Amino acid sequence: MAIPLDYETLRLIWWALLGVLLIGFTLTDGYDLGVAALMPFIGKTDEERRLAINAVAPHWEGHQVWFILGGGAIFAAWPFVYAVSFSGFYLAMFLVLAALILRPVSFKYRSKHADPAWRGRWDWAMFIGGFVPALVFGVAVGNVLQGLPFRLDSDLRTFYEGTLLGLFSPFALVTGLLSVAMIVMHGAGFLAVKIEEGPVLERARRIGTFAAIVSIVLFALGGVWVAMGQMGFRLEGVIDAQGPSNPHYAQTVAAPGAWLDNYGRHPWMLLAPILGFAGPLIALIGIRTRSHVLNLTGSSLATVGIIATVGLSMFPFILPSSIDPQSSLTAWNASSSHLTLWIMLLVTLIFLPIVLIYTAWALKVMFGRVTIAQVRTNPDFY
Amino acid sequence: MDMAVVELSRLQFALTAMYHFLFVPLTLGLSFLLVIMESIYVMTGKEIWRVTTRFWGKLFGINFVLGVATGITMEFEFGTNWAYYAHYVGDIFGAPLAIEGLMAFFLEATFVGLMFFGWDRLSKVGHLFVTFCVALGSNLSALWILIANGWMQHPAGSVFNPETMRMEVTDFYAVLFNPVAQAKFVHTVSAGYVCASVFVMGVSAWYLLKGKWTNVARRSMMVAAAFGLASSLSVVVLGDESGYALTDNQKMKLAAIEAMWETEPAPAGLSIFGIPDMQKHVTHAEIKIPYVLGLISTRSLTGEVMGIDELVLKADERIRSGTIAYDAVEKLKANRGNMAAREAFELHKRDLGYAMLLKRYVADPRQASEQQILMAAKDTIPNVPVMFWLFRMMAGIGFFFIAFFGLAFYCASVCQFNKRWFLKLAVAIMPLPWLAIEGGWVLAEIGRQPWAVEGVLPTFLGASSLTISQIWTTIIGFTLLYGTLAIIEVRLMIASIRKGPVEHPVHGGGQQQGSAGFAPLPAE
């Protein structure tokens, strides 16, 4: 079969789709994570907490699939990235998985007994289920920006030389907390459109304000750190974007400051960091003017801008290696074969729109603000 | 490779996969039972069927959530614990996993929220459609996962690329329409249907024994008996064995299941009892039924079923041929343009995986001694006694279920499930489907050893470069987490069953049709 798109184009598309997946995950499951992380704080009484839980209850299962799909799509399109990152972040990954296993279970099982001690425990389980993944994802991104301590041997087997605690460098803590702030802001923004006016909504607005300000500060701090710090990698020599996926065929060097190169070459990319700042500002305006839709729009734009900034700064790098730059994974050397990328693109073009349509339909069926009155009387509610 | 890391990684994968698969079969089957029950509700408009559907839906929900939660681990475990495997076959193996998420899991998970929360917001037919999408999604999920697993058993449509040092897809249709995958899919989902039918029968029988909720219980039993009879026939008749003639490893699996050490003249006999001896390559106290094995596995009177010893000799040959391919790959690594090496590689590439079996004994397979080649060839024999007995347990339970559901069908029409001994039997056998299903998975995966991917990548090469303490940390972590959740799950399940199909008034739906469905239902 002749493949109508060349290898380089398909790699570029799949690099962009990687971003779409991460953004899709953060936009949808992000607010479920945010609401979960807020659980012990957002409601003073059991009814108030149930108000927040039932705002996300009909949707989190579907949204969580973005995470599963993220795993599957990275496996299919970027098998090197899948192998190197998940085995490298081994224990961190375990923390994320354990937390994400706790979350669905706490949504479902919390309501099965009225006992306050039982529910209190599940509230904290929910907090872990939201907070830990948000933090670890951010910390992981910080480490990726700095380069990961891994090597590939001639059989392309990966060896990772870092530790779990080694991940929590000062810079990675900044990106980790940025991720938490962004996700909490988004969760609070979602609650503002999804629950009735009242004390919980007011608390969501206050928390949203705080999280938006923290996001702006940490995003700026992270940006300065990248610019001033010794971060960045560059490809040298002839770059064969059509070549076989084998990192040993390219030449990579550590090049401090190189993470800003792309913005000089392609000024349009500056749109991403601008969005990263504008999003939280818009959310703040929405919160102040009580325009809840503007609030959620702002928090959504913020996640798009912040994630896109990371991706565009590093392009074409996906996972640079700090101890052996030669092993670095890029959009040109870490993908699946030409044929697999093409087949997966076809599958995505067919099914992703369908998924978006029924996700929207599900949101529409459940449209409307959740109220305390419903929480009291609807037997289906958690 | 550190073999302890490999063994621990296998242990963890087995634990997490088998735990995950405690919940999956019930999801596969119960979702379709819900569709049947809700269809009856929509067609007859009788409130009792809505109560019945909602009751089983509640149990479905408790079970579903753990299936989903533990499935998350599976999606990432190939990367965390089997990184070299992920690199080596990700080009083929990743695709079905991604498609599963996109096509099946999204469908199932998005609609399950509406199934639980949409009763008041959707029309009757609309809600039935939602329930159907959940069932369709969960079964399509199984399809894609078994396409992935089937490829590990029979790696069709792919070839090793020395430039990228991995397997790459050449024919996606061959991966998709892999006969092993198809047999596995039908077999596995049917087993799930049987499992759910037994579950519904058991719980309902318990109600009938207690004289509680008998109107719901009797109706549920009727549906489960019919669905269970059809599925138990399908699970046995469309069993897995149709693919056993395809590859050397599949042949080895069949020979191991039958503890058939030497090739017999066609058609071979089927052992119903025996004590296989791994050391001496003989089976003691064997009882054989003539002809049956040959008929089942080759579907002919003349087809020969190869014995273990002959298959080992074949593996020996393939190891020797594989070392030539390995040598060619090493030369191509040094010089991409080496035409002679390229040619040698093309001639021997299908045996490359066999050379890698030697890496267990020697770093460079080209340096292997005769002794080491012999050991590697013998490694292609899986654990015969375990397979022999697991198969007999699984098949025995399978035949038992046909009899059981036949009896249930008879009971339904003749005695209206009034016989207490039958009801007690239905409660007592509830664990059996899980035993057969978990046993079946162990059989399939142990039978594939020493391969992660048959003839392509030995299991011991697939593991990540981790430390023993890292893996112990996660094994203990998963065990504690999963153990706690299992206890909570079972207690909630029992509590919900004890509580029974209690209905609360419906709010805002305007679909109230008298009070019959809303108060606790009186026993008939």
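Calculation criteria
- Residues numbered from 1 in each chain as written.
- Chains lettered and ligands numbered in written order.
- Predicted model: local features only at pLDDT ≥ 70, side-chain atom pairs only at ≥ 80, totals over all residues.
- Heavy atoms only, no water.
- Helix = DSSP H or I, 4+ residues; strand = E, 2+ residues; numbered from the N terminus.
- Rg over C-alpha atoms; globule rule 2.2 N^0.38 Å.
- Buried < 20%, exposed > 50% of the residue type's maximum accessible area, 1.4 Å probe, protein only.
- Contact = heavy atoms within 4.5 Å.
- Lys, Arg positive; Asp, Glu negative; His and termini not counted.
- Charge placed at Lys NZ, Arg CZ, Asp CG, Glu CD.
- Buried area = accessible area lost by both parts, 1.4 Å probe.
- Salt bridge = Lys/Arg side-chain N within 4 Å of Asp/Glu carboxyl O.
- Domains from an automatic or database assignment.
- Polar contact = N/O pair within 3.5 Å; in protein donor to acceptor, adjacent residues only side chain to side chain.
- Nonpolar A, V, L, I, M, F, W, Y, C, P; charged D, E, K, R; others polar.

Draft legend 1. Region of the structure containing the overall build of chain A. A count of helices and strands for chain A gives 13 helices and six strands. Over its C-alpha trace chain A gives a radius of gyration of 21 Å, about what one expects of a compact globule, namely 21 Å for 382 residues. For chain A, the residues scored as buried account for 63% of the 382 residues in total. For chain A, the proportion of contacts with a sequence separation of at least 24, taken over those separated by at least 6, is 80%. Of the charged side chains in chain A, 23 are positive and 21 negative, and the gap between their average positions amounts to 11 Å.

Draft legend 2. The interface of chain A and chain B, seen in detail. On the side of chain B, 83 residues touch chain A, which itself brings 77 residues to the contact. Taking both sides of the interface into account, the surface hidden between chain A and chain B amounts to around 7200 Å²; carbon and sulfur atoms contribute 72%. By the criterion of area lost to chain B, the three top residues of chain A are F75, Y90 and R157 of chain A, representing 11% of everything that side buries. Along the contact surface separating chain A from chain B lie two salt bridges.

Draft legend 3. Quick peek at the environment of L457 of chain B. Residue and element names in this part refer to chain B. With respect to the helices and strands, L457 occurs in strand β6 (residues 457–458). Owing to a relative accessible area of 0%, L457 belongs among the buried residues under this scheme. Considered as a pair, L457 and G57 are 400 residues apart in the sequence and their alpha carbons are 43 Å apart.

Draft legend 4. Spotlight on the pattern of salt bridges. Evaluation of the coordinates by the stated rule reveals 31 salt bridges over all chains. Across the salt bridge formed by R290 of chain A and E202 of chain A, the nearest N and O atoms sit 2.7 Å from each other. Of this pair, R290 of chain A sits in the loop between α10 (271–288) and α11 (292–314) while E202 of chain A sits in helix α8 (residues 199–228), and the two are 88 residues apart along the sequence. The class of E202 of chain A is partly exposed, set by a relative accessible area of 25%. When the shortest N-O distance is used, the salt bridge between E258 of chain B and R392 of chain B registers 3.0 Å. Of this pair, E258 of chain B sits in the loop between α8 (248–257) and β3 (270–277) while R392 of chain B sits in helix α14 (residues 384–414), and the two are 134 residues apart along the sequence. According to the relative accessible area criterion, E258 of chain B is buried, its value standing at 3%. Through salt bridges with shared partners, a single network forms among D46, R49, R110, R119 and D123 of chain A.

Draft legend 5. Seen up close, the domain arrangement of chain B. Residues and elements named next belong to chain B. Domains assigned within chain B are domain 1 (192–243 + 384–448) and domain 2 (245–382). One C-alpha centre belongs to domain 1, the other to domain 2, and the line joining them spans 36 Å. Listed as interface residues are 15 residues of domain 1 and, on the opposing side, 21 residues of domain 2. Across the domain 1 to domain 2 interface the summed buried area is about 1600 Å²; carbon plus sulfur atoms make up 63%. Put simply, domain 1 and domain 2 have one salt bridge between them. Applying the counting rule to domain 1 against domain 2 returns four residue pairs in polar contact (both at pLDDT 80 or more). Mapped by element, the contributors of at least two residues to the side of domain 1 that touches domain 2 are α14 and α16 (432–448). For the side of domain 1 that touches domain 2, the element with the highest residue contribution is α14, accounting for seven residues. For the side of domain 1 that touches domain 2, the residue count by class is nine nonpolar, three polar and three charged.

Draft legend 6. Representation of the environment of I272 of chain B within the structure. Residue and element names in this part refer to chain B. By the secondary structure assignment, I272 is in strand β3. In the structure, I272 is positioned 116 residues away from F388 in sequence and 9.5 Å away in space, judged by C-alpha atoms. Beyond its immediate sequence surroundings of up to four residues, I272 is in contact with I287, I289 and R392.

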